[in-house]
Amino acid sequence: MSASPVSHTVRCGTCGRTNRVPAAAQGRPRCGNCRAPLPWIAEAGDSDFGTVAEQAGLPVLVDLWATWCGPCRMVGPALEKVANDLAGRIKLVKVDIDKSPALARCFEVQAVPTLLVLDRGRTIARQAGAASAPVLRQWVEQALTDSAQPA
């Protein structure tokens with residue numbers, strides 16, 4: 001069993017002030033100085049995924065990756081750019097499948113990286129493989145648009 005989710009320090013893109021952003025919290029992170037939305041990037045595993053990702057108050061981009069995976073290491077910075085670009089609209093949660101085998105089974109991961117967009121814990125989009133930041137941003141924005149449409 002791991003300890004409670006940790007906080008990360010994030011620099012505000014608007015004013016440059018550093019802020020502590022918890023892995024799990026209510027609401028959306030904002031800069032303590034200028035109140036601009038902050039990117040929300042967290043890590044989760046088998047024991048805390050529900051708290052960090054499924055209970056988030058905004059859509060979650062999940063990166064199921066592995067340390068030995070070259071494409072995973074390449075897509076990581078692109079996902080962080082998307083999280084920065086969409087600050088206040090999404091939360092990026094990174095899951096190392098080798099450390100979290102139950103989540104890998106739950107999401108039926110067959111290839112890494114596997115990317116998911118969750119809305120209130122429900123998968124609304126899924127793709128496998130690496131892509132550039134503009135392609136990933138377009139994919140996430142399309143998933144958010146599609147999920148907002150009435151069924």
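Each chain carries its own residue numbering, running from 1 in the written order of its sequence. For this predicted model, a pLDDT threshold of at least 70 governs which residues receive local features, and a threshold of 80 or more governs which side-chain atom pairs are given and counted, while totals over whole chains, interfaces and linings are taken from all residues. Remark: hydrogens and water are excluded; side-chain values derive from all non-hydrogen atoms of the structure.

## Quick notes on the overall build of the chain
Put simply, the rule reads: Numbering of helices and strands runs from the N terminus, with a helix taken as a DSSP run of H or I at least four residues long and a strand as a DSSP run of E at least two residues long. Values of the radius of gyration come from C-alpha atoms, whereas the globule rule sets the reference at 2.2 Å times the count of residues to the power 0.38. Working definition: with a 1.4 Å probe on protein chains only, accessible area under 20% of the residue-type maximum means buried, over 50% means exposed, and in between means partly exposed.
Summing up its helical and strand segments, the chain has four helices and seven strands in all. Secondary structure elements in the chain, listed N-terminal to C-terminal, are β-β-β-α-β-α-β-α-β-β-α. Its C-alpha atoms give the chain a radius of gyration of 15 Å, within 12% of the compact-globule value 15 Å for 151 residues. Projected onto the principal axes, the alpha-carbon positions of the chain cover approximately 45 × 40 × 30 Å. Considering the chain as a whole, with its 151 residues, one finds that 44% of them fall into the buried category.

## With respect to the state of the cysteines
Defined as follows: Throughout, disulfides are identified as pairs of cysteine sulfur atoms within 2.5 Å of each other.
By the definition in use, this model includes one disulfide. A sulfur-sulfur distance of 2.5 Å marks the disulfide that ties cysteine 69 to cysteine 72. Measuring handedness by torsion sign, the sulfur bridge of cysteine 69 and cysteine 72 sits at about 80° and is right-handed. Judged on exposure class, the residue cysteine 69 and its partner cysteine 72 are both buried. Free of any disulfide, cysteine 12 has its nearest cysteine sulfur in cysteine 34, 3.6 Å distant. Relative accessible area serves as the criterion here: at 3%, cysteine 12 is assigned to the buried category. Cysteine 31 takes part in no disulfide bond, and the closest cysteine sulfur, belonging to cysteine 15, lies 3.6 Å away.

## Description of the sheet that holds strand E5 (residues 91–96)
Think of a sheet as strands paired side by side through backbone hydrogen bonds, with each pair either parallel or antiparallel. The cut-off we apply is this: Should DSSP find at least two bridges between two strands, the strands are regarded as paired. Inter-axis angles, ranging from 0 to 180 degrees, are taken between N-to-C directions of lines fitted to C-alpha atoms, where helices are fitted over the stretch in contact. Only heavy atoms enter the contact rule, under which two residues are in contact if any of them lie within 4.5 Å.
Strand order in the open sheet made by the five strands is E3-E5-E4-E6-E7, with mixed pairing throughout. In this open sheet, the two strands that pair with only one neighbour each are strand E3 (40–43) and strand E7 (122–128). Averaged over all adjacent pairs, the angle separating strand axes in this sheet is 20°, with direction ignored. Here E3 pairs with E5 via four bridges, running parallel. Across the sheet, residue isoleucine 41 finds its bridge partner in E5, namely leucine 92. Strands strand E4 (60–65), strand E6 (114–119) and E7 of the sheet are contacted by helix H4 (residues 133–148), whose axis makes an angle of about 30° with E6.

## Describing the pairing of strand E2 (residues 18–22)
Because side chains alternate across E2, one face comprises the buried residues Asn19 and Val21, and the other comprises Thr18, Arg20 and Pro22, none of which is buried. With five bridges joining them, strand E1 (residues 7–11) and E2 adopt antiparallel strand pairing. Considered in E2, the bridge of histidine 8 is made with valine 21. Hairpin connection of E1 to E2: six residues between the antiparallel strands, including glycine 16 at a positive phi of 85°.

## Side note on the nonpolar core
Note the cut-off: By nonpolar core is meant a set of buried Ala, Val, Leu, Ile, Met, Phe, Trp, Tyr and Cys residues that side-chain atoms within 4.5 Å join together.
Membership of the largest hydrophobic core comes to 23 residues, with the highest contact counts inside it found for Phe49, Val62, Leu64, Val93 and Phe107. Listed by contribution, the elements that provide at least two residues to this core are helix H1 (49–54), E4, E5, helix H3 (101–106) and E6. What phenylalanine 107 contacts, discounting residues up to four positions off in sequence, is Phe49, Leu64, Leu116, Leu118, Thr123 and Arg126. If you look at the next biggest cluster of nonpolar residues, it comprises 18 residues, including Ala78, Ile90, Ala133 and Leu144.

## Notes on the packing of helix H2 (residues 70–85) against H4
The condition that has to hold: Working definition: roughly parallel below 35 degrees, roughly antiparallel above 145 degrees, roughly perpendicular at 65 to 115 degrees, and oblique for all remaining angles. Handedness of a crossing follows from how the near helix is turned relative to the far one, being left-handed for an anticlockwise turn of less than a right angle and right-handed for a clockwise one. Each residue is assigned to one of three groups, with Ala, Val, Leu, Ile, Met, Phe, Trp, Tyr, Cys and Pro labelled nonpolar, Asp, Glu, Lys and Arg labelled charged, and all others, Gly among them, labelled polar.
With their axes 9 Å apart at the nearest point, H2 and H4 run at an angle of 50° to one another. Here H2 is positioned oblique relative to H4, judged by the angle of their axes. The two elements H2 and H4 meet at a crossing, and its hand is right-handed. Note on element contacts: H4 touches H2 through Ala133, Leu136, Arg137 and Val140, opposite Val75, Ala78, Leu79, Lys81, Val82 and Asp85. For the contact of H2 with H4, the class distribution of residues is seven nonpolar, no polar and three charged.

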